[in-house]
Each structure stands twice: as structure tokens, then as C-alpha cells.
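# What the coordinates show
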Amino acid sequence: GESVSGQSTMAASASRASPDFKLWDQLGAGKFEVLNLPLCKVLLNNDTTWPWLVLVPQQNDLVEMHDLSDADQLQLMREMSACSRAVQSGWAPTKVNVGAIGCVCRQLHVHVLGRFEGDAVWPQPVWGATKAVPYPTDGVQRDADIAKFREEIGKFIVPC
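Note that the structure is a prediction, hence the values are computed from the model and not measured.

About the cut-offs
- Residues numbered from 1 in each chain as written.
- Predicted model: local features only at pLDDT ≥ 70, side-chain atom pairs only at ≥ 80, totals over all residues.
- Heavy atoms only, no water.
- Phe/Tyr/Trp six-rings, centres within 6.5 Å; stacked < 30°, edge-to-face > 60°.
- Buried < 20%, exposed > 50% of the residue type's maximum accessible area, 1.4 Å probe, protein only.
- Helix = DSSP H or I, 4+ residues; strand = E, 2+ residues; numbered from the N terminus.
- Expected span 1.5 Å × (residues − 1).
- Arc of directions from axis to C-beta.
- Contact = heavy atoms within 4.5 Å.

## Quick look at the packing of aromatic side chains
- Inspection of the entire model under this criterion finds four aromatic pairs.
- Relative to tryptophan 52, the ring of tryptophan 50 has its centre 6.1 Å away and its plane inclined at 70 degrees; by these criteria the two rings are edge-to-face. Neither tryptophan 50 nor tryptophan 52 differs from the other in exposure class; each is buried.
- Geometrically, the ring pair formed by tryptophan 52 and tryptophan 127 is edge-to-face, given 6.1 Å between the ring centres and 80 degrees between the ring planes. Of this pair, tryptophan 52 sits in strand β3 (residues 52-57) while tryptophan 127 sits in the loop between β5 (110-115) and α3 (140-154), and the two are 75 residues apart along the sequence.
- Overall, tryptophan 127 belongs to the partly exposed group, its relative accessible area being 34%.
- An aromatic cluster of three or more residues is present, and its members are Trp50, Trp52 and Trp127.

Next up, the structure:
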């Protein structure tokens, strides 16, 4: 809420992950941990079609972005921007898509993925449009992509 002066009356707390954070099984399934940022756990979606990260604020009982404190909303934006820049610098997509839809899994999370003009569904949304192409089970490509994401994200924000 806002006071008469226009100042936010929402409590601002330090941006940080909660020590008792629990990632919902539904959200963690089919993803690989990349790194932790001050607020978010960054996951790699198990789909080699696009460079695709999922950021999950590490606080329980969040559904909407406005469920975060003012300070944590700003931190989420910083982390989304850093991950967007990482996708742009590392993979050079035509467009970086960022979205928080949350109809399938309501735990607050944000998708950051690179889209390429001429990809299988360009310019339509990717959600549910194609069958995922999982990383090979030997882990070589997955591990290389995770390392690349860590390096690229590290250019724009300091991981925990």
C-alpha cells in the first residue's frame, strides 16, 4: 500500500533466501540446479531446444510477484535482468522471453529463455507448443550448458 505521501508502506526486508525454503517437487522435476543468487535458485529447464532458465525466489508461500517485499521485488528484477543478459551474451538469441505464468505450478517462478527467429514455433509462445528435447543422459551437454550459464550469469551478478 501507499501512504498519503506516496511512500510505500509495505515492509522492506533485506533480499535473501529463506533458510527453510522448499522447492515444490512439481517445479523441480525436469530441471537441473545451476546456482543460487541472493534471492533465487536458478534452474536449467531440461529442454535443449532453447537456452531456458527458471528462477525461483527462495521463500515459501509465494504465488505472485507482489507477494514479495518491495526490496525482494527489486532483487527479483535484478536477478531476472542478469539472467536475461546472460542468455543474450551467451547464446545471442533474437529475443529473450521472460515470463511468470504459474497456472501449472503456482509456486512463484520466472522463465527466462532465448528465442531465435525461425525456431520451430517462432513467433508463437513456446509453452506447450513443442515436445521437450531432453539433455542426453550422459550429462556432457547438460554440464557444459550449466557451466556456461554460471560463467555468463557471473558477468552480471555475484552468485552466492
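Structure shown, so let's carry the discussion forward.
## What to know about α3
- When the terminal C-alpha atoms of α3 are compared, their 21 Å separation across 15 residues agrees well with the 21 Å that a helix rising 1.5 Å per residue should span.
- Considered for burial, the residues of α3 that qualify are Asp145, Ile146, Phe149, Glu152 and Ile153. Projection of α3 onto a plane perpendicular to its axis shows the buried side chains occupying an angular sector of 135 degrees, all on one side. Those residues of α3 that are exposed and angled more than 90 degrees off the buried face are Val140 and Glu151.
- In this fold, the buried residues of α3 make contact with β1 (31-36), β2 (40-45), β3 and α2 (70-91).

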